[in-house]
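# Structure at a glance
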Amino acid sequence: MNEIALITGATSGIGREIARRFAEEGISLILCGRRQKRLDELKGELSPKTKIHTLTFDVRKRDDVNRAIDSLPAAFSQISILINNAGNAHGLDPIDKGNPDDWDAMLDINVKGLLYVSRAVLSGMVERAQGHIINIGSTAGKEVYPMGNVYCASKHAVDALNQAMRIDLNKHGIRVGSVNPGLVETEFSDVRFKGDKSRAKSVYAGYQPLKPEDIADIVYFVVSCPAHVNIADLVVMPTAQASSTIVKKDR
Ligand code: NDP
Ligand code: 8X3
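Report follows, based on the coordinates. (Residues numbered from 1 in each chain as written. Chains lettered and ligands numbered in written order. Predicted model: local features only at pLDDT ≥ 70, side-chain atom pairs only at ≥ 80, totals over all residues. Heavy atoms only, no water.)

What follows deals with empty space enclosed by the protein. Per the counting criterion, the structure on display carries three cavities of 30 Å³ or more. Considered as a void within the structure, the largest cavity measures approximately 80 Å³ in volume. Going through the elements one at a time, helix H5 (100–128) and helix H6 (149–169) are the ones with two or more residues in the lining of the largest cavity. The class makeup of the residues in the lining of the largest cavity is six nonpolar, six polar and three charged. (1 Å grid on protein atoms, 1.4 Å probe; cavity = no way out; pocket = protein on both sides within 12 Å on 5 of 7 lines; lining within 4 Å. Points joined across faces, edges and corners; volume = space filled by probe spheres on them. Helix = DSSP H or I, 4+ residues; strand = E, 2+ residues; numbered from the N terminus. Nonpolar A, V, L, I, M, F, W, Y, C, P; charged D, E, K, R; others polar.)

With that settled, the discussion passes to the environment of Leu29. The topology assignment puts Leu29 in strand E2 (residues 28–33). With a relative accessible area of 0%, Leu29 lands in the buried category. As a C-alpha pair, Leu29 and Ile81 span 52 residues in sequence and 9.5 Å in three-dimensional space. Filtering out sequence-adjacent residues up to four positions away, Leu29 remains in contact with Ala5, Ile7, Ala19, Phe22, Ala23, Leu46, Thr50, Lys51, Ile52, His53 and Phe76. (Buried < 20%, exposed > 50% of the residue type's maximum accessible area, 1.4 Å probe, protein only. Contact = heavy atoms within 4.5 Å.)

It is worth spelling out the layout of surface pockets at this point. Empty space left among the atoms is revealed by rolling a probe the size of a water molecule over them. Put simply, the second largest pocket is a space of about 160 Å³. Of all elements in the fold, only helix H3 (62–70) and H5 reach the threshold of two or more residues within the lining of the second largest pocket. A total of five residues in the lining of the second largest pocket trace back to one element, the largest contributor, which is H5. Along the lines of polarity and charge, the residues of the lining of the second largest pocket split into five nonpolar, three polar and two charged.

Its place among the elements puts Asp58 in the loop between strand E3 (52–56) and H3. A polar atom in the side chain of Asp58 sits 2.8 Å from the backbone nitrogen of Arg60. Apart from the residues lying within four places of it in its own chain, the contact partners of Asp58 are Arg34 and Val65. (Polar contact = N/O pair within 3.5 Å; in protein donor to acceptor, adjacent residues only side chain to side chain.)

Looking now at the pairing of strand E6 (residues 175–181). With seven of its seven residues buried, E6 lies for the most part within the structure. On E6, burial covers both faces: Arg175, Gly177, Val179 and Pro181 on one face and Val176, Ser178 and Asn180 on the other are all buried. Relative to E6, strand E5 (residues 132–136) runs parallel, the two sharing five bridges. Residue pairing for E6: His132 is matched across the bridge by Arg175. In this sheet, strand E7 (residues 233–236) lies alongside E6 in parallel orientation, the contact comprising four bridges. Looking at the pairing, Pro181 lines up with Val236 of E7. (Pairing = 2+ DSSP bridges.)

The full set close to ligand 1 counts 31 residues, and Thr11, Ser12, Arg34, Tyr151 and Thr186 are the nearest of them. At 2.9 Å, a side-chain N or O of Asp58 approaches a nitrogen atom of ligand 1. Between an oxygen atom of ligand 1 and a main-chain N or O atom of Val184, the distance comes to 2.9 Å. Compared with its free state, where it exposes 880 Å², ligand 1 has 98% of that area covered by protein. (Near = heavy atom within 4 Å. Areas by Shrake-Rupley, 256 points an atom, 1.4 Å probe, with all protein chains shown as cover.)

This paragraph deals with the site of ligand 2. In the vicinity of ligand 2, the contacting residues are Ser138, Ala140, Tyr145, Tyr151, Gly182, Phe188 and Arg192. In this structure, Ser138 approaches ligand 2 through a side-chain N or O atom, which is 2.6 Å from an oxygen atom. Within the side chain of Tyr145, one N or O atom sits 2.6 Å away from an oxygen atom of ligand 2. Relative to its free-state accessible area of 240 Å², ligand 2 is covered by the protein chains to the extent of 88%. Class assignment of the residues belonging to the shell around ligand 2 gives a composition of four nonpolar, two polar and one charged.

The next thing to look at is the nonpolar core. Counting residues in each nonpolar core, the largest one holds 31 residues, and the members touching the most others are Leu6 and Ile30. At the level of secondary structure, the elements contributing two or more residues to this core comprise strand E1 (4–7), E2, H3, H5 and H6. Here the element with the most residues in this core is H5; it accounts for 10 residues. When neighbours within four sequence positions are excluded, Ile30 is seen to be in contact with Ile4, Ala5, Leu6, Ile7, His53, Leu55, Leu72, Phe76 and Ile79. (Core = buried A, V, L, I, M, F, W, Y, C linked by side-chain atoms within 4.5 Å.)

This is a description of form; function is not addressed.
See below:
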């Protein structure tokens, strides 16, 4: 595939597996995240398969985002696929007890970070009248669950922005779609529960959650559809899951 993909949140979970899946197809990759060491390791792993460039930045810092995208060498500057994946939940508390620092983190990373990266990448896509954006939303962007409050709000915002981008970019021929997973076993719950490993593990116990590889396969399917086909909005859950609160567990 003669494509250049920029993936945010490539140091872990879903983003890292999308990078691995795309590398199998020979897609050139711009891997982004804050953890430089993990980016270097992934670059080492995937370089035999495809061209790799890494960018280390925090999506919350608008100037750093712009500087990083501006710094791309010519061989990586014509980004054709943007995977807006960086994001996390921080905390799981009732709204009256929520930590405002967690709220800031979720809104700044999941919503404003996605906007900053998109804005920086879009000028080139619009100029070339070509591009494909995949926004990684969530079932939390389709329904609200107890104590999910601000995380759900951030992912509902991603859902709205996915629609907004598709509308505003329609005249430029840019494809926009979202992939909205349910429960996927990654470092997501480690982050949500601030390193409490046993609480994080319990989220995925007693049933078969999705693996990040499942989402990576789906994202590759979405980008490999013919140019006239746009998967606009896709929801995927483990078979054991019916909604955010209904999960069939063995025990
Ligand atoms: P992980 O915690 O495994 O990965 C999160 C990624 O986001 C990391 O690569 C991390 O990189 C990056 N990231 C977080 N904060 C920032 C930041 N401030 N600046 C730059 N990068 C950042 O979680 P997942 O892989 O599960 O999550 C990926 C996406 O999928 C998120 O948007 C999440 O909301 C969504 N999702 C996850 C589900 C799940 O059940 N796991 C289900 C539905 C959606 P680094 O720390 O190096 O910066
Ligand atoms: C991640 C899935 O259910 O933890 O977006 O919100 S959930």
